[in-house]
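# Structure assessment
Residues per chain, in single letters:
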Amino acid sequence: MSGTGTTAPLTCAVVAQKGGVGKTTALLGIAGAAWERGLRTLVVDLDPQANATAALDPASTAYSTNDVLADARPGVAADAVVASGWGEGIELIPSERALEHRAVPEGRDSALRLRIALEGVIDRYDVVLVDCPPSLGELTRNALAAVRLALVVTEPSFFALPGAAAALEAVEVVRGSNNLVLRPAGVLVNRARPQTSEHAFRLAELRETYPDLLLPVTIPDRTALQQAQGACVPVQAWRSTGAHEASDAFDDLLDLLLDAAARTVADLGVAAALTSSLTSTGTDHR
Ligand SMILES: Nc1ncnc2c1ncn2[C@@H]1O[C@H](COP(=O)(O)OP(=O)(O)O)[C@@H](O)[C@H]1O
Ligand SMILES: [Mg+2]
C-alpha cells in the first residue's frame, strides 16, 4: 500500500515518564511496519539522547530538532528533514544532545513550537511518529501538541500503573490546553512475558484499570530488536524467529494506530468547529 494523500496522516507521539521502557523500540517497530508497507513516513526525534536518530542512521544531518524548536517559524521543520539509512520512504528530523536546552518552557506558546514548525510538513506523509524523552516535560508537551495520537509505552512492572496514569494525565492536560484533537491511542505493554506470574499480574492490573486503553497487542521480549537496532535496520529486515514475532506484533500495532487515526479524523469536524467558535469569541488562551 502506498499513501494516497486523500486521508489525514497518522500522527503519533510515543510517550512515557520513564526511560528504558521501550518508547524508541516501539517507534522504530512502527516505522519499520510502515516501511514494509511503503508508507511515506517521517520520524521526529525529540529525545536529546537521539537513540532513534542513531538507529535510523542518516547519511548526513544539517539541522536538528533543537534548531527546529529554536526557530519555530511555520513550516521550518522541512529544512531539517533528511533521508534515513533505511531507504526510500523513511525520513527523519534528527536530534542532538543540545536539544536538552529546549526542555524548559521559553516564552509564550513555548509548547506549540513543534506544531508550528511542522505546519505544511505533516501533510506530505502517511505516518508521522515523534519519539519523546523519558519525561513528561516541555519536549513531550511539544510532541503532544503536534499530533493526534499518543501511544503510552510501559513494561509490566510495579511502576507500570502509576507510569501509565501520569502519561495519560499529561495527554489530557495538553488536550485541554492546546490540542483538542489529541487522543490516547492506548497503553502498549512492551517486553511482555505473560508466562511469568509477575507480568501476568501487572497485565491484569492494567487491564482492570484501563479496560478500553490497554492495547490487545503486546511487544515480546526479543533480542532481535536489539540486534536490528545495533545494525541500524528495521526489525522487519532482520532474519530470525524472534524478529518475525516482533514484526508481526508491530504490524498489528500499526493497524490499530491507523484505525485510531481514522477515528480521530471523524472526531475532527466537531473539534474544529469547537476551536473556531472559541477563537472567534475571543477566548483567553492563557
Ligand atoms: N521488546 C524488547 N525486547 C528486547 N529488548 C528490548 C525490547 N524493548 C526494548 N528493548 C531494549 O531495551 C533498551 C531500552 O529500550 P528503548 O526503546 O531505548 O527505551 P526508551 O526509549 O523508553 O528509553 C534498548 O536497549 C532496547 O533495545
Ligand atoms: Mg528512547
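Before any of the text, the structure's been laid out above.
Rules used throughout
- Along each chain, residue indices are assigned from 1 in the same order as the chain's sequence is written.
- Numbering of ligands from 1 and lettering of chains from A proceed in the order in which they are written.
- Whole-chain, interface and lining totals are the exception, using all residues; otherwise, since this is a predicted model, local features are given only for residues with pLDDT of at least 70 and side-chain atom pairs are given and counted only at 80 or more.
- Only DSSP runs of H or I covering at least 4 residues are called helices, and only runs of E covering at least 2 are called strands; the numbering of each starts at the N terminus.
- Each residue is classified by how many other C-beta atoms fall within 10 Å of its C-beta atom, where C-beta atoms are placed from the backbone; a count of 20 or more means buried, 12 or fewer means exposed, and values in between mean partly exposed.
- Any pair of residues counts as being in contact when their C-beta atoms, constructed from backbone geometry, are within 7 Å of one another.
- Think of each axis as a best-fit line through the C-alpha atoms, taken over the contacting stretch in the case of a helix, with angles from 0 to 180 degrees between the N-to-C directions.
- Reported orientations rely on four angle classes, namely roughly parallel under 35 degrees, roughly antiparallel over 145, roughly perpendicular from 65 to 115, and oblique for the rest.
- Should the near helix be turned anticlockwise from the far one by less than a right angle, the crossing is left-handed, and should it be turned clockwise, the crossing is right-handed.
- In this classification, the charged set is Asp, Glu, Lys and Arg, the nonpolar set is Ala, Val, Leu, Ile, Met, Phe, Trp, Tyr, Cys and Pro, and all remaining amino acids, among them Gly, are polar.
- The arc in question is the one spanned by the directions pointing from the helix axis to the C-beta atoms.
- Being near a molecule or strand means, for a residue, that its C-beta atom, positioned from the backbone, comes within 6 Å of it.
- Strands were regarded as paired on the criterion that DSSP finds at least two bridges between them.
- By convention, a crossover is right-handed whenever its connection, traced from the first strand over the helix to the second and viewed with the strands pointing away, goes clockwise.

## Structural notes on the overall build of the protein chain
Along its length, the protein chain carries 9 helices and 8 strands. Seen through its principal axes, the protein chain has C-alpha atoms that stretch 55 × 45 × 40 Å. Evaluated residue by residue, the protein chain yields a buried proportion of 49% over its 286 residues. Counting contacts in the protein chain only where the partners sit at least 6 residues apart, residues at least 24 apart contribute 79% of the total.

## Digging into the packing of helix α5 (residues 138-146) against helix α6 (residues 160-177)
Contact pair α5 / α6: the axes reach a minimum separation of 10 Å and the direction vectors enclose 60°. It follows from the interaxial angle that α5 and α6 lie oblique. For the crossing formed where α5 meets α6, the hand is right-handed. Contacts between α5 and α6 involve T140, R141, L144 and A145 from the first element and A170, V171 and V174 from the second. In terms of residue class, the contact of α5 with α6 is built from 5 nonpolar, 1 polar and 1 charged.

## Things to note about helix α8 (residues 223-230)
All buried positions along α8 are accounted for by L225, A228 and Q229. The buried side chains of α8 occupy one side of the element, clustering within an arc of 100° when seen end-on. Among the exposed residues of α8, those pointing more than 90 degrees away from its buried face are T223, Q226 and G230. Looking one or two places after α8, you find C232, whose phi comes out positive at around 60°.

## Notes on the site of ligand 1
Inspection of the region around ligand 1 gives 18 residues, with G22, K23, T24, T25 and Q226 positioned closest. Contributing elements (two or more residues each) for the shell around ligand 1: α1 (23-36), β7 (183-192) and α8. Residue composition of the shell around ligand 1, by class: 5 nonpolar, 9 polar and 4 charged.

## Section: the pairing of strand β8 (residues 214-220)
Of the pairings in the sheet, the one linking β7 to β8 comprises 4 bridges and is parallel in character. Bridging from a neighbouring strand, A192 pairs with P220 of β8. In this fold, β7 hands off to helix α7 (residues 197-209), which returns the chain to β8; that crossover is right-handed.

## Remarks on the pairing of strand β1 (residues 10-15)
Judged by how many residues are buried, β1 sits mostly within the fold: 6 of 6 residues are covered. With burial as the criterion, each face of β1 is covered, one bearing L10, C12 and V14 and the other bearing T11, A13 and V15. Where β1 and strand β5 (residues 127-131) come together, 5 bridges link them in parallel fashion. Bridge pairing links L10 to V127 in β5. Pairing of β1 with strand β6 (residues 149-154) involves 4 bridges; the strand directions are parallel. If you follow C12 over to β6, its bridge partner there is L149.

## Section: unusual backbone geometry
Phi at D57 takes a positive value of approximately 50°, unusual for a residue other than glycine. You can see D57 is positioned in the loop between α2 (51-56) and α3 (65-71). By C-beta crowding, D57 is classed as partly exposed, having 13 other C-beta atoms within 10 Å. Even without being glycine, D109 reaches a positive phi, approximately 55°. Among the secondary structure elements, D109 is positioned in the loop between β4 (90-93) and α4 (113-117). Here D109 falls in the partly exposed class, since 14 other C-beta atoms lie within 10 Å of it.

## Quick word on the packing of α6 against α7
Where α6 contacts α7, the axes come no closer than 10 Å and their chain directions differ by 35°. When you trace α6 past α7, the crossing you get is right-handed. Listed contacts from α7 to A160, L161 and A164 of α6 are R202, E205, L206 and T209. A per-class count over the contact of α6 with α7 returns 4 nonpolar, 1 polar and 2 charged.

## A short note on the environment of L129
Inspection of the secondary structure assignment puts L129 in strand β5. Judged by C-beta crowding, with 28 C-beta atoms within 10 Å, L129 ranks as buried. Put simply, L129 and T41 are 88 residues apart on the chain and 7.7 Å apart in space, counted from C-alpha to C-alpha. Not counting residues up to four positions away in its chain, the partners in contact with L129 are C12, V14, L27, I30, A31 and V43.

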